[in-house]
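# Chains, contacts and geometry: an overview
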Amino acid sequence: MPSRPQRAPIALLTDFGYHDHYVGVMKGVIATIAQSARLFDITHGIPPQSVMAGAIALRQSWRFFPKRTVFVAVVDPGVGSARKPIAIDTQAGARFVGPDNGVLSLAANDAGMLRIVELRASKYRLKDVSATFHGRDIFAPAAAWLSIGTRITSLGPTLREIAHLSIAPATRRGKGLEGKVIYIDGFGNLVTNIDRPALDAFAASFRAVQLLVRIDKGATMEILQAYADAPTGAPLALLGSFALLEIAIRDGNAASHFGLGEGASVTVIAST
């Protein structure tokens, strides 16, 4: 007896939180269409309406899933507006489903965009589409149909472009390398836009013995290898799992400690 074709996994990322029924209903819609599909929750704790935080979390996550995974990212402050619902196929094999507001763009660019479609075909969405819950009515059905082998081109017309988000690189200014906080994780660590190549190039240009980090013109700290290298309660900087420079408090919350959030300035100083 021939085996049933394996369903592609579906991974969900939203700002819906864990209090309401929204994520559960999306899963119910998916299960109705693709009963044997494997469902994964990346997170539903993206700060409300923070499209950039959702885009960063998705970019940091997608490559650790099986090749044909369908990623549904719903951080959608423009739901019900003129922004388009879209799906993207990529060279890496991952598929992305969500609003065309930039939340998919960082991950899809990394994966290599092959094809973009607008989710317009009525056959592949719920019958009654609300103006406030496209996660249930459009994105969940589209992901389920993709999971069971529906061609992405069946979901709607091809688009040439999507909305893009960009993360500005750190910049050299005098004897400092200037960046900013772009993401705050659940531990309160302040993740910046300063990556290792920028740090290495900066250090080499000054033949620096040590690099120090100053946040928002305040505390200065060393760059360490691990959180455990600092005393309890002490501030530190390190290159974390994002491969970006982050500010932390050993066994504490840096965002609360410094009273800072996204956009806060961070400067790396060369000590010779």
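Not measured: the values here are computed from a predicted model.

Let us look at the sheet that holds strand β4 (residues 85–90). For sheets, the rule is that strands pair by backbone hydrogen bonds, running either parallel or antiparallel. Read from one edge of the open sheet, seven strands run β2-β1-β3-β5-β4-β6-β7, paired in mixed fashion. The sheet terminates laterally at β2 (39–43) and β7 (158–159), the two strands that pair on one side only. Summarising the sheet, strand β6 (residues 113–118) and β7 pair through two bridges and their orientation is antiparallel. Bridge pairing in β7 places I116 opposite L159.

Here we take up the packing of aromatic side chains. Inspection of every chain in the model, using the stated rule, returns nine aromatic pairs. Measuring from centroid to centroid gives 5.7 Å for F16 and Y22, while their planes differ by 70°, and the two rings are edge-to-face. Among the residues examined, Y22 registers a relative accessible area of 31% and is labelled partly exposed. Summarising the aromatic geometry, the rings of F65 and F71 are spaced 5.3 Å apart at their centres and angled 85° between planes, so their arrangement reads as edge-to-face. Overall, the relative accessible area of 1% leaves F71 in the buried class.

Okay, helix α4 (residues 134–147) next. When the terminal C-alpha atoms of α4 are compared, their 18 Å separation across 14 residues agrees well with the 20 Å that a helix rising 1.5 Å per residue should span. Along α4, the sharpest kink reaches roughly 30°, centred on A140 and followed within four residues by the proline P141. When you tally the buried positions in α4, you get 12 out of 14 residues, the bulk of the element. Of all the positions in α4, only H134, G135, D137, I138, F139, A140, P141, A142, A143, A144, L146 and S147 are classed as buried. Looking at the residues trailing α4, positive phi occurs at G149, about 105°.

Inspection of the entire model under this criterion finds nine salt bridges. One salt bridge connects R136 with D137, and the closest N-O pair in it is separated by 2.5 Å. Among the charged side chains, a salt-bridge network with shared partners connects R68, D89 and R115.

Bringing the environment of L239 into the picture now. Residue position: L239 is located in strand β13 (residues 235–239). A sequence separation of 43 residues divides L239 from R196, and the C-alpha atoms of the two residues are 7.4 Å apart. Every residue in contact with L239, bar those within four places of it in the chain, is listed here: I194, D195, R196, L199, L244 and L245.

To continue, consider the side chain of E118. Mapped onto the secondary structure, E118 falls in strand β6. A distance of 2.8 Å separates the side chain of E118 from the side chain of R120, its partner in a polar contact.

The subject of this paragraph is the nonpolar core. Ranked by size, the top nonpolar core spans 31 residues in total, and within it L58, I88, F96, L104 and Y183 carry the most contacts. Counting only elements with at least two residues in this core, the list comes to β1 (10–14), α2 (51–61), β3 (70–74), β4, α3 (105–111) and β9 (176–184). Each residue touching F96, except ones within four places of it in the same chain, is listed here: L58, W62, F71, I86, A87, I88, T90, L104, A107, A108 and A111. With 27 residues, the next largest nonpolar core counts V29, A34, I138 and A140 among its residues.

Calculation rules
The residue numbers shown here count from 1 along each chain, following its written sequence. Note on the predicted model: pLDDT of at least 70 is required for a residue's local features to be given, and 80 or more for side-chain atom pairs to be given and counted; whole-chain, interface and lining totals, by contrast, use all residues. Computation of side-chain values: all heavy atoms of the structure, hydrogens and water removed. Should DSSP find at least two bridges between two strands, the strands are taken to pair. A run of H or I in DSSP becomes a helix once it reaches four residues, and a run of E becomes a strand once it reaches two; helices and strands are each numbered from the N terminus. In this analysis, rings of Phe, Tyr and Trp, with Trp reduced to its six-membered ring, are considered paired at centre separations within 6.5 Å, and the interplanar angle assigns stacked below 30 degrees, edge-to-face beyond 60, and tilted for intermediate values. Burial classes: relative accessible area under 20% of the type maximum marks a residue as buried, over 50% as exposed, and values in between as partly exposed (1.4 Å probe, protein chains only). An expected span of 1.5 Å times one less than the residue number is assigned to each helix. Note on bend: the value at a residue is the angle between axes fitted to the seven residues ending there and to the seven starting there. Salt bridges are defined as contacts in which a side-chain nitrogen from Lys or Arg sits within 4 Å of a carboxyl oxygen from Asp or Glu. In what follows, a contact means two residues having at least one pair of non-hydrogen atoms within 4.5 Å. Contacts described as polar in this section are N or O atom pairs within 3.5 Å, which, within protein, must combine one atom able to donate a hydrogen with one able to accept it, while residues neighboring in sequence count only if both atoms come from side chains. Nonpolar cores are built from buried Ala, Val, Leu, Ile, Met, Phe, Trp, Tyr and Cys residues. Side-chain atoms within 4.5 Å join them into one set.

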